[in-house]
Amino acid sequence: MTEKPDAAALRSLRASSLTARDEETKSNEEHRPGHLPGELMMWVLILSELAVFGAGLLAFLAVRLTDPQGFAEAQTHLHRTGAAANTLVLVTSGWLAALATRAAEAGQTRRLRLLLAPAILLGGVFLVLKASEYADLFAQGIGTETHAFYTFSFLLTGFHAAHVLAGMVLLALVGWLATPKAVETGAAFWHMVDLVWVLLFPVVYLL
Amino acid sequence: MSVVTRAWVWLVALSVASTGLAASGLAGPAFVVSVLALAGLKARVILSRYLGLAAAPGWQRGFDLGLGLFLATCATLALAGQTPLTPP
């Protein structure tokens, strides 16, 4: 015997309503005051990355003690203006990703995708500016072995640029999935990339 | 204005301040401490507002402590490695 379409639709509606309620309860549990927001594993990753980059930056400053003049001269070949512009690019991209997280929580799939698209695009702008700096350094005959300054700066900024690329792929993936949990996790990774840059920029480019 | 948008405005203002400081020609300990303090403020805004640590004050204090220690070590190493303003 075939089921009446209305009964099937009603059951489907009840099921989706329960799912939405479950999601809401789960979301409230995940945002309990005093507890870390979002995925615990993402925080483990954030702390690990901060530790790695932090150790790299401290090693950079420690090695600088052996040749302050050489480091100061080498630093003049970097693109300070481009790096400063890249800070604005990343914090703006992070802002769009944070807004996308709110849109995901509100169930606004179209809006979250419209916010993540320019966030990813700004990641691309960051990489273009970084690539132009590298191209300029290579054109001057500067490489990783020219001076200890460049060994560290290429390593630290190159590793960070790889994270930017990975973050762009991750944001595209969570934009496709479009679930609140996925978007929150992807955005958290992106904020970590942003956080590392605001600490890396002054140490490598300004001090 | 939402909390996230206010955070972004702060981050832009702090980034512009860092650039202005670098362009000002200021040097020495004042420059090192100011630049690192601005970086610390930017990092704190990202942690508390973008990453949502404002809702977890205990965790935020822990991150503040770690960040403070890291920046203090950076400042110590940077000041120790300052090039002399005039040749000996």
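Residues numbered from 1 in each chain as written. Chains lettered and ligands numbered in written order. Predicted model: local features only at pLDDT ≥ 70, side-chain atom pairs only at ≥ 80, totals over all residues.

Turning our attention to the overall build of chain A. Secondary structure summary: chain A contains 7 helices and 0 strands in total. The secondary structure elements of chain A, listed N-terminal to C-terminal, are α-α-α-α-α-α-α. The 207 residues of chain A split such that 37% are buried. Once local pairs closer than 6 in sequence are excluded, the contacts in chain A between residues at least 24 apart make up 78%. (Helix = DSSP H or I, 4+ residues; strand = E, 2+ residues; numbered from the N terminus. Buried ≥ 20, exposed ≤ 12 C-beta atoms within 10 Å, placed from the backbone. Contact = placed C-beta atoms within 7 Å.)

A separate point is the overall build of chain B. A tally of regular secondary structure across chain B gives 3 helices and 0 strands. Ordered by position in the sequence, the α and β elements of chain B form the string α-α-α. For 88 residues, the compact-globule estimate of 2.2 N^0.38 gives 12 Å, and the C-alpha radius of gyration of chain B, at 16 Å, exceeds that figure by more than 25%. Overall size of chain B, expressed as C-alpha extent along the three principal axes, is 55 × 25 × 10 Å. Here chain B holds 88 residues, and 33% of them are scored as buried. (Rg over C-alpha atoms; globule rule 2.2 N^0.38 Å.)

Okay, the interface of chain B and chain A next. With 33 residues of chain B in contact, the opposing surface of chain A contributes 37 residues. Those elements giving two or more residues to the side of chain B that touches chain A turn out to be helix H1 (3–23), helix H2 (29–50) and helix H3 (57–80) of chain B. Looking at side-chain class alone, the side of chain B that touches chain A contains 22 nonpolar, 10 polar and 1 charged residues. (Nonpolar A, V, L, I, M, F, W, Y, C, P; charged D, E, K, R; others polar.)

Its identity is not glycine, yet Ala178(A) carries a phi of approximately 60 degrees, on the positive side. Given 18 C-beta atoms within a 10 Å radius, Ala178(A) is considered partly exposed.

Right, let's get into helix H6 (residues 148–177) of chain A. Note on helix geometry: an α-helix contains 3.6 residues per turn, so any two residues three or four positions apart are oriented the same way. In this model, H6(A) (30 residues) spans 43 Å end to end at C-alpha, consistent with the 44 Å of a helix rising 1.5 Å per residue. Taken from the residues just after H6(A), Ala178(A) is the one with a positive phi, measuring 60 degrees. (Expected span 1.5 Å × (residues − 1).)

Right, let's talk about the nonpolar core for a bit. Residue and element names in this part refer to chain A. Ranked by size, the top nonpolar core spans 77 residues in total, and within it Leu-57, Ala-97, Ala-100, Leu-199, Leu-200 and Val-203 carry the most contacts. By residue number, the principal contributor to this core is helix H7 (residues 180–206), which donates 18 residues. The contacts of Ala-97, once residues within four sequence positions are left out, are Leu-116, Ala-119, Leu-171, Ala-187, Trp-190 and His-191. (Core = buried A, V, L, I, M, F, W, Y, C linked by C-beta atoms within 7 Å.)

Per-residue confidence for chain B averages 90 on the pLDDT scale, and 93% of its residues sit at or above 70. On the interface metric, ipTM, the complex scores 0.90, and its pTM is 0.85. (pLDDT = per-residue confidence, 0-100.)

Moving on, we get to the environment of Ser132(A). All names here are of chain A. Tracing the sequence through the fold places Ser-132 in helix H5 (residues 109–139). Residue classification places Ser-132 among the exposed positions, given that 12 C-beta atoms sit within 10 Å. Ser-132 sits 50 residues away from Ala-182 along the chain, and the two C-alpha atoms are 33 Å apart.

Further remarks concern H7(A). All names here are of chain A. Between its first and last C-alpha atoms H7 spans 38 Å; for 27 residues at 1.5 Å apiece the expected length is 39 Å, and the two agree. A bend of about 30 degrees at Leu-200 is the largest found in H7, and the proline Pro-202 appears one to four places after it. By the criterion of burial, H7 is predominantly enclosed, with 25 of the 27 residues buried. (Bend = angle between axes of the 7 residues up to and from the residue.)

Turning our eyes to something else, we now look at the confidence of the model for chain A. Of all residues in chain A, 84% have pLDDT values of 70 or greater, and the mean over the chain is 87. Counting contacts from residues 12–30 of chain A, a segment whose pLDDT is below 50, to residues more than four positions away or on other chains yields 2 contacts.

Moving on, we get to the packing of helix H2 (residues 40–64) of chain A against H7(A). Angle between the axes and distance between the axes are the two parameters that describe a pair of packed helices. Residue and element names in this part refer to chain A. Contact geometry for H2 and H7: axes closest at 10 Å, N-to-C directions at 10 degrees. Taken together, the axes of H2 and H7 are roughly parallel relative to one another. Residues Met-42, Ile-46, Glu-49, Phe-53, Leu-57, Phe-60 and Leu-61 of H2 touch H7, and the partners they reach there are Thr-185, Ala-188, Phe-189, Met-192, Val-196, Leu-199, Leu-200, Val-203 and Val-204. Counted by class, the contact of H2 with H7 contains 14 nonpolar, 1 polar and 1 charged residues. (Axes fitted to C-alpha atoms, helices over the stretch in contact; angles between N-to-C directions. Parallel < 35°, antiparallel > 145°, perpendicular 65-115°, else oblique.)

Right, let's talk about the packing of H2(A) against H3(B) for a bit. It is at 9 Å that the axes of H2(A) and H3(B) come closest, and there the two elements cross at 15 degrees. In this view, H2(A) runs roughly parallel relative to H3(B), as classed from their interaxial angle. Here H2(A) runs over H3(B); the crossing is left-handed. For the pair formed by H2(A) and H3(B), the contact residues are Gly54(A), Leu57(A), Leu58(A), Leu61(A) and Ala62(A) on the first element and Phe70(B), Thr73(B), Cys74(B), Leu77(B) and Ala78(B) on the second. Counted by class, the contact of H2(A) with H3(B) contains 8 nonpolar, 2 polar and no charged residues. (Left-handed = near helix turned anticlockwise from the far one by under 90°.)

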